[in-house]
Amino acid sequence: MILTLLVCGLAVIALVLVGLFVFGLRRRLIQRSGGTFDCSLRWEAPEKGDTSGKGWGYGVARYNGDRVEWYRVFSYAPRPRRVLERSAIEVVDRRAPDGEEELALLSDAIVLGCLHRGVRLELAMSEDALTGFLAWLEAAPPGQRVNVA
């Protein structure tokens, strides 16, 4: 009986360690190509005024040519959860987190309201990441329409 409990306990510990290792490996593989930044995302965000903090997902975004790929942090999926094309992103507002959002987001986050193919979304990132993101948007190839408010 004691041997069975010991083996089960070791198996649980081994599974937890393997799970943590896979999380770390996945994050490392995402960041391998560079151009990544911590970014929270709220898809189908409500209009201005909702600061409940609901709907935010913590993730890592990666520049990939004319796209930004967004990966959830707490996931084993090898593919991005959302892909945003540069030509389809329209920045509509920029604000500081308010109310319960301050608890749901990183401490230095700035919220950027956007439209992507008619869907309202919000991205929350650091000031440095925001500067890079806006520069990436404005650096679109000639002939592409980019809307930055």
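Parameters and conventions
- The written sequence of each chain sets the order in which its residues are numbered from 1.
- Totals for whole chains, interfaces and linings use all residues, but because this is a predicted model, local features are given only for residues with pLDDT of at least 70 and pairs of side-chain atoms are given and counted only at 80 or more.
- Side-chain figures throughout are based on the complete set of non-hydrogen atoms in the structure, without hydrogens or water.
- Cysteine sulfur atoms that pair up within 2.5 Å are treated as a disulfide.
- Relative accessibility under 20% of the residue-type maximum defines a buried residue, over 50% an exposed one, and the middle range a partly exposed one, all with a 1.4 Å probe and only protein chains included.
- Put simply, a nonpolar core is a bunch of buried Ala, Val, Leu, Ile, Met, Phe, Trp, Tyr and Cys residues held in one set by side-chain atoms that sit within 4.5 Å of each other.
- What counts as a helix is a DSSP run of H or I of at least four residues, what counts as a strand is a run of E of at least two, and both are numbered from the N terminus.
- Two residues qualify as a contact provided that any one of their heavy atoms is within 4.5 Å of a heavy atom in the partner residue.
- Where each domain starts and ends comes from a domain assignment, either automatic or drawn from a database.
- As used here, buried area is the combined drop in accessible area, with a 1.4 Å probe, of two parts when they are placed together.

J.: Would you take a moment to explain the state of the cysteines for this structure?
T.: Each disulfide consists of a covalent bond between the sulfur atoms of two cysteine residues. Under the definition given, this model contains zero disulfides. Of the cysteine sulfurs around Cys 39, a residue in no disulfide, the closest is that of Cys 114, at 9.1 Å. Residue Cys 39 is classed as buried on the basis of its relative accessible area of 2%.

J.: Explain the nonpolar core here, please?
T.: Where a protein is soluble and globular, its nonpolar side chains tend to be buried together. Leu 123, Met 125 and Phe 133 are the most contacted members of the largest nonpolar core, which totals 21 residues. Going through the elements one at a time, strand S1 (36-43), strand S3 (67-72), strand S5 (89-95), strand S6 (110-116), strand S7 (119-125) and helix H3 (127-138) are the ones with two or more residues in this core. The element that contributes the greatest number of residues to this core is H3, accounting for six residues. Other than its neighbours up to four places away in sequence, Leu 123 contacts Cys 39, Ser 40, Leu 41, Trp 56, Leu 84, Ile 110, Val 111, Leu 112, Cys 114 and Phe 133.

J.: Could you clarify how one ought to interpret the domain arrangement of the protein in this entry?
T.: One frequently used descriptor of interface size is the decrease in accessible area upon assembly of the parts. As assigned here, the protein comprises domain 1 (1-31) and domain 2 (34-138). Between the C-alpha centres of domain 1 and domain 2 the distance comes to 31 Å. Taken together, the contact pairs eight residues of domain 1 with 12 residues of domain 2. Roughly 900 Å² is buried in total at the junction of domain 1 and domain 2, and carbon and sulfur atoms are behind 53% of that figure.

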